[in-house]
Structure formats: structure tokens, C-alpha cells
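Structural description and commentary
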Amino acid sequence: ILSAEKTNAAGDNGDNFGTSVAIHGDTIIVGSPNAGVSTDGRVVVFARTGQDTWCQVCPIGDPDCAFNQPDGQGTVDDDFGHAVAFDGTTLVVGAPKADFSGFADAGAAYVFSRSFGEELNDPCDDVFEFQRTLQPSTKEASSNFGLTVDIVGTTTVVGHPKFNTTVADGGAIYVFEGSDQTAD
């Protein structure tokens, strides 16, 4: 039974809103990896406010209720929002085409923490604050770290499918543990 249909009110043609989704309790996270002027990607958060009603949660610093990479790190075609994972308080967002240290499309994952708004019964006041950037210990061009992400408790797993192991594009996963999310 369909109970709601949500769209990105601030969206444009080709945003690919809904490429990735995650839900926990009464919160839905939606990735839109081609959104933005430079198609660097966005993530939109919805919170349930009633039986079939939802609001769009606005994170810090973005008047359009959608956010992208912190600190202006986003560049053209980063695919921020290609993958999302949410455990109720921590949000992990994959950007598999992010460029770092001279490596094009090396990829990254970004961790955000949910801060509950002043009105405890109004999830529309909640915000998501940037905590850290996750990257592989070895960066390679076009290796797409962050193509997949997941989180359970204090464990985050990030897929790195085109990482060159003993074979080309052999792939790897990175497991980050604890509050500092150091790679194992």
C-alpha cells in the first residue's frame, strides 16, 4: 500500500533523485548524485511528522534542505549521494567519483552526525553536521571508493570495487571502527 510519494522540491532535470535510499525509524535519506550546478551530488533527508506526512530536514548551512560535501570539497561529477547508509544518528554518504590528492575519481565517504533540534517532538528541526571524511589507505585514480557504504553501530564498511589488488579492478572493502572511524 503506497502511503507517500516524495520528490526533491528543489530538484532539476537529471538529478537522479532516489539513486540511493536508506531508512531508519521515521527518517528517510535519499541520494541524488547528479544534483547541483556542477552535478557534484546532494543528499535529502525526510522525517515523518504524522501518519502520512513528512517534512524535509534542513542540515546546517544549506537553505535548500539538501547538502553536499563539506568544506567546498565537491567538484564536477563527484557522485556525492551515490550510496547512503543511516543508523538513526550517523549518516554515511558515498562519493565514488570524488578527486583527492591528484587522483581523479579516487572516491570518498563522508560521515555526518544527527543533532536533534530544540523541539524534541519536531524532527524537522534536526540537523546533520559533518564529522569526517573517510578515504582508503591507498588512493588510485578511477577506483571508486565509496560506491557502496553501510553502517551498523560504530562499524562502517565502504566498498572500493575498482581497487587494483593482485589483479586489475580486484576490489576491496574497508572497515572503519569506533568513533574515530580508523580503517582496519
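Before any of the text, the structure's been laid out above.
Here we summarise the structure given alongside this text. Being a predicted model, the structure only gives us computed values, none of them experimental. (Residues numbered from 1 in each chain as written. Predicted model: local features only at pLDDT ≥ 70, side-chain atom pairs only at ≥ 80, totals over all residues. Heavy atoms only, no water.)

**Considerations on the overall build of the protein chain**
- Within the protein chain, the regular secondary structure consists of zero helices and 13 strands.
- Helices and strands appear in the protein chain in the N-to-C order β-β-β-β-β-β-β-β-β-β-β-β-β.
- Counting only residues that meet the buried cut, the protein chain has 42% of its 184 residues in that class.
- Carbon and sulfur atoms make up 49% of the accessible area of the protein chain, which totals about 9,000 Å². (Helix = DSSP H or I, 4+ residues; strand = E, 2+ residues; numbered from the N terminus. Buried < 20%, exposed > 50% of the residue type's maximum accessible area, 1.4 Å probe, protein only. Areas by Shrake-Rupley, 256 points an atom, 1.4 Å probe, with all protein chains shown as cover.)

**What to know about the nonpolar core**
- One finds Ile 29, Leu 91, Tyr 110 and Phe 128 to be the most contacted residues of the largest nonpolar core, which totals 19 residues.
- At the level of secondary structure, the elements contributing two or more residues to this core comprise β3 (42-48), β4 (54-57), β6 (83-86), β7 (90-95) and β8 (108-115).
- Core analysis: the second largest hydrophobic core is formed by 13 residues, Val 92, Phe 145, Ile 151 and Tyr 174 among them. (Core = buried A, V, L, I, M, F, W, Y, C linked by side-chain atoms within 4.5 Å.)

**Here's the deal with the sheet that holds strand β9 (residues 127-134)**
- The strand order across the open sheet built from four strands is β6-β7-β8-β9, with neighbouring strands paired in antiparallel fashion. Each of the sheet's edge strands pairs with one partner strand only, and the pair in question is β6 and β9. Going from strand to strand, the sheet's axes swing by 20 degrees on average, the running direction of each strand aside. (Pairing = 2+ DSSP bridges. Axes fitted to C-alpha atoms, helices over the stretch in contact; angles between N-to-C directions.)

**Here's the deal with the side chain of His 160**
- Considering the arrangement of structural elements, one finds His 160 in strand β11 (residues 155-160).
- A residue is classified by how much of its surface remains accessible, and His 160, at 0% relative accessible area, is buried.
- For His 160, the side chain forms a polar contact with the side chain of Ser 143, separated by 2.8 Å.
- When neighbours within four sequence positions are excluded, His 160 is seen to be in contact with Ala 106, Pro 136, Thr 138, Ser 143, Asn 144, Phe 145, Gly 171, Ala 172 and Tyr 174. (Polar contact = N/O pair within 3.5 Å; in protein donor to acceptor, adjacent residues only side chain to side chain. Contact = heavy atoms within 4.5 Å.)

**Observations concerning the pairing of β4**
- Where β3 and β4 come together, four bridges link them in antiparallel fashion. Each bridged residue has a counterpart across the sheet, and for Ala 47 the counterpart in β4 is Cys 55.
- In sequence, β3 turns back onto β4 through a hairpin of five residues.

**Focus: the pairing of strand β1 (residues 20-24)**
- Bridge count between β1 and strand β2 (residues 27-32): five bridges; the pairing is antiparallel. Bridged to His 24 within β2 is Thr 27.
- The turn linking β1 back onto β2 is made up of two residues, and Gly 25 within it adopts a positive phi angle of 60 degrees.

**Quick word on the pattern of salt bridges**
- All told, the structure shown has two salt bridges when counted by the stated rule.
- Ionic pairing is found between Asp 26 and Arg 48, a salt bridge with its closest N-O pair at 3.0 Å. Of the two residues, Asp 26 sits in the loop between β1 and β2 while Arg 48 sits in strand β3, which places them 22 residues apart along the sequence.
- According to the relative accessible area criterion, Asp 26 is partly exposed, its value standing at 41%.
- The residue Arg 114 makes a salt bridge to Asp 126 at a minimum N-O spacing of 3.0 Å. With a gap of twelve residues between them, Arg 114 in strand β8 and Asp 126 in the loop between β8 and β9 connect regions that are remote in the sequence.
- Assessed through its relative accessible area of 11%, Arg 114 is described here as buried. (Salt bridge = Lys/Arg side-chain N within 4 Å of Asp/Glu carboxyl O.)

**Side note on the environment of Tyr 110**
- Considering the arrangement of structural elements, one finds Tyr 110 in strand β8.
- A relative accessible area of 0% places Tyr 110 in the buried class.
- C-alpha of Tyr 110 to C-alpha of Leu 134: the two residues are 24 residues apart in sequence and 6.0 Å apart in space.

**Side note on the packing of aromatic side chains**
- This model, assessed by the stated rule, comprises eight aromatic pairs.
- Ring centres of Phe 145 and Tyr 174 lie 5.5 Å apart, and the angle between their planes is 75 degrees; this geometry places the pair in the edge-to-face category. Of this pair, Phe 145 sits in the loop between β9 and β10 (149-152) while Tyr 174 sits in strand β12 (residues 172-177), and the two are 29 residues apart along the sequence. Each member of the pair, Phe 145 together with Tyr 174, is buried.
- Taken together, the ring pairs connect Phe 80, Tyr 110, Phe 112 and Phe 130 into an aromatic cluster. (Phe/Tyr/Trp six-rings, centres within 6.5 Å; stacked < 30°, edge-to-face > 60°.)

Function cannot be read off these values alone, since they describe shape.
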